[in-house]
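# Reading the structure
Read off the chains here:
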Amino acid sequence: MANCGCKDHINNNTEKENEASDSLTRYPDGSVKLRNPHIQLMDQDILYHIALGSESHDLIEMFGDVKFVCMGGTPKRMETFAHYIMEEIGYKLPTGTTLMDISQYSYRYSMYKVGPVISVSHGMGVASIGILLHEMIKLMYHAKAKEPIFIRIGTCGGLDLEPGTVVISDSVVDGLGNSFYSMPILGKIVKRPAILDKKLARELKALASVDDPYDTTVGTTMCAEDFYEGQGRIDGAFCDFTETDKMQYLEDLVKKGVKNIEMESLPFSALTHLAGIRAAIVCVTFLNRLKGDQVAAPKEVMNEYQERPQKLVARYIKKYLQSKGRLSSFDGHGSIAVKSPRRFKLVQQESQTFE
Ligand SMILES: O=P(O)(O)O[C@@H]1C[C@H](O)[C@@H](CO)O1
Ligand SMILES: O=c1cc[nH]c(=O)[nH]1
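No experiment lies behind these values; they were computed from the predicted model shown.

This paragraph deals with the packing of aromatic side chains. One pass over the structure, following the stated rule, counts four aromatic pairs. Between phenylalanine 68 and tyrosine 316, the ring centres sit 6.1 Å apart and the planes meet at 90 degrees, which makes this aromatic pair edge-to-face. Here tyrosine 316 lies in helix H10 (residues 299–323) and phenylalanine 68 lies in strand S3 (residues 68–72), a separation of 248 residues in the sequence. Here phenylalanine 68 matches tyrosine 316 in class, with each residue buried. Relative to tyrosine 320, the ring of phenylalanine 68 lies with its centre 5.3 Å away and its plane at 85 degrees, an arrangement referred to as edge-to-face. Highlighted residues: phenylalanine 68 in strand S3 and tyrosine 320 in helix H10, separated in sequence by 252 residues. On the basis of relative accessible area, tyrosine 320 is assigned to the buried category, the value being 18%. An aromatic cluster is defined as three or more aromatic residues linked by ring pairs; in this entry it consists of Phe68, Tyr316 and Tyr320.

The residues that UniProt annotates with the feature "binding site: phosphate" (unreviewed entry) are Arg108, Arg152, Ile153, Gly154 and Thr155. For isoleucine 153, a relative accessible area of 1% puts it in the buried group. Leave out the neighbours within four places in its chain, and isoleucine 153 touches Cys70, Met71, Gly72, Arg77, Met78, Phe81, Val282, Pro309, Gln310 and Val313. Along the polypeptide, threonine 155 turns up in strand S7 (residues 149–158). Residue threonine 155 is classed as partly exposed on the basis of its relative accessible area, which comes to 21%.

Turning next to the pairing of S3. Side chains on a regular strand alternate between the two faces of the sheet. Of all the five residues making up S3, five are buried; the element is thus mostly covered by neighbouring parts of the structure. Neither face of S3 is exposed, since Phe68, Cys70 and Gly72 on one face and Val69 and Met71 on the opposite face are all buried. Two strands pair when backbone bridges link them, and S3 and strand S6 (residues 117–121) are joined in this way by five bridges, in the parallel orientation. Along S6, the bridge assignment pairs phenylalanine 68 with valine 117. As paired strands, S3 and S7 are joined by four bridges and run parallel to one another. Note on S7: the bridge partner recorded for cysteine 70 is isoleucine 151.

Quick look at the environment of isoleucine 234 now. Along the chain, the position of isoleucine 234 falls in the loop between strand S11 (216–223) and helix H8 (243–255). Along the sequence, isoleucine 234 and lysine 246 sit twelve residues apart, while their C-alpha atoms lie 7.8 Å from each other.

With that settled, consider the site of ligand 1. Lining the immediate environment of ligand 1, one finds Gly73, Arg77, His122, Met124, Gly125, Arg152, Gly154, Thr155, Phe227, Met263 and Glu264. Arginine 152 is positioned such that a nitrogen or oxygen atom in its side chain is 2.6 Å from an oxygen atom of ligand 1. Against a free-state accessible area of 330 Å², the protein chains account for coverage of 86% of ligand 1. A per-element tally of the shell around ligand 1 places S7 first, with three residues. Its residues assigned to classes, the shell around ligand 1 comprises three nonpolar, five polar and three charged.

Its 13 residues place the ends of H8 18 Å apart at the C-alpha level, agreeing with the 18 Å of an ideal helix rising 1.5 Å per residue. Considered for burial, the residues of H8 that qualify are Lys246, Met247, Leu250 and Leu253. Along the axis of H8, the buried residues cluster in a sector spanning 125 degrees; they form a single face. Exposed positions of H8 whose direction lies more than 90 degrees from the buried face are Thr244, Gln248 and Lys255. Close packing links the buried residues of H8 with S11 and strand S12 (258–262). Positioned one or two residues after H8, glycine 257 has a phi angle of 90 degrees, which is positive.

On to the nonpolar core, then. Counting residues in each nonpolar core, the largest one holds 46 residues, and the members touching the most others are Phe63, Met71, Ile118, Met136, Leu139 and Phe150. When residues of this core are traced back to their parent elements, those giving at least two are helix H4 (59–63), S3, S6, helix H6 (126–143), S7, helix H9 (265–274) and strand S13 (278–288). In this structure, Met86, Tyr112, Ile168 and Phe286 belong to the second largest nonpolar core, which totals 39 residues.

Looking at the element boundaries, serine 119 is found in strand S6. At 2.7 Å, the side chain of serine 119 forms a polar contact with the backbone oxygen of methionine 78. When neighbours within four sequence positions are excluded, serine 119 is seen to be in contact with Cys70, Met78, Phe81, Ala82, Ser110, Met111 and Tyr112.

What counts as what
Residues numbered from 1 in each chain as written. Chains lettered and ligands numbered in written order. Predicted model: local features only at pLDDT ≥ 70, side-chain atom pairs only at ≥ 80, totals over all residues. Heavy atoms only, no water. Phe/Tyr/Trp six-rings, centres within 6.5 Å; stacked < 30°, edge-to-face > 60°. Helix = DSSP H or I, 4+ residues; strand = E, 2+ residues; numbered from the N terminus. Buried < 20%, exposed > 50% of the residue type's maximum accessible area, 1.4 Å probe, protein only. UniProt positions renumbered as here; feature names shortened; annotations may be inferred. Contact = heavy atoms within 4.5 Å. Pairing = 2+ DSSP bridges. Near = heavy atom within 4 Å. Polar contact = N/O pair within 3.5 Å; in protein donor to acceptor, adjacent residues only side chain to side chain. Areas by Shrake-Rupley, 256 points an atom, 1.4 Å probe, with all protein chains shown as cover. Nonpolar A, V, L, I, M, F, W, Y, C, P; charged D, E, K, R; others polar. Expected span 1.5 Å × (residues − 1). Arc of directions from axis to C-beta. Core = buried A, V, L, I, M, F, W, Y, C linked by side-chain atoms within 4.5 Å.

Put into structure tokens, the structure is as follows:
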């Protein structure tokens, strides 16, 4: 039975329904099946916002080995993560080369590939991550990547949590408490259940160490449409509610088990679920929203906070690769690098078919 998105169906999927949905979203070898009959009929599929295409690039050769697609808001964070994961999985680039921003000439997102890991920026908010998700899911399909796992490495506002706490989402709600992602399509609201992989969330939580000098917790994440009024802030350019109204709303969220507020979790959980892709969200809190609205921590503190979700995700990736005996098997294959910044620019421009 099709999942209509109401709470009963979201929470009560039977094994049979799950199996049926697996066969809709995956080929027997684990590669991603698209729920869109039109794509197969197209001569080529241009992944416009990531500057790749099914005819202009050998996507199987470039991305067929991808196992993890990690995404986060800023190009800088995702470049940092690419270098960090390279170090952690013991990957060495050939001398004189550097990681290449594969999507540089889209001028939209930045993407890096280190062995089986993609690190890509998604920008801010539902629309921006939604577009990237369409193209990353199609990229996985064209590349015939097997059972890829998507992880969002983000930042957020915490609710009743010390700043710097790591929150692993196990469910997602919108500002009205609904756990589906709704958007108008052809003049009608389409609701898609926002579901994350609870097992993956537990596996990530198990990798938090008692020696970490911060807490790691699991809970519900609220996805807002906006940073200011949509997150109950009184410090935007507009505000028609009082501090008391705001505190009532935030305290009510706490009572309902909401641990953090960010801006991408709804499309991220809904579209990965619809594609049959296991997915998790790991965010660090920049502030405790019960104590204020302004993000005022010094830059160095925020930079260190942002490393925390990256550390947890790196532990997971390392453990996974270790379990497959693949941790120290990287010898220069599987990453996308360029010889020197100057040569890289020339090569990219020569091979660019669209901008
Ligand atoms: O992954 P990021 O840090 O972008 O996540 C949150 C949600 C918004 O995109 C942004 C707002 O500051 O941060
Ligand atoms: O409060 C915050 C902090 C970071 N990102 C958000 O969306 N909200």
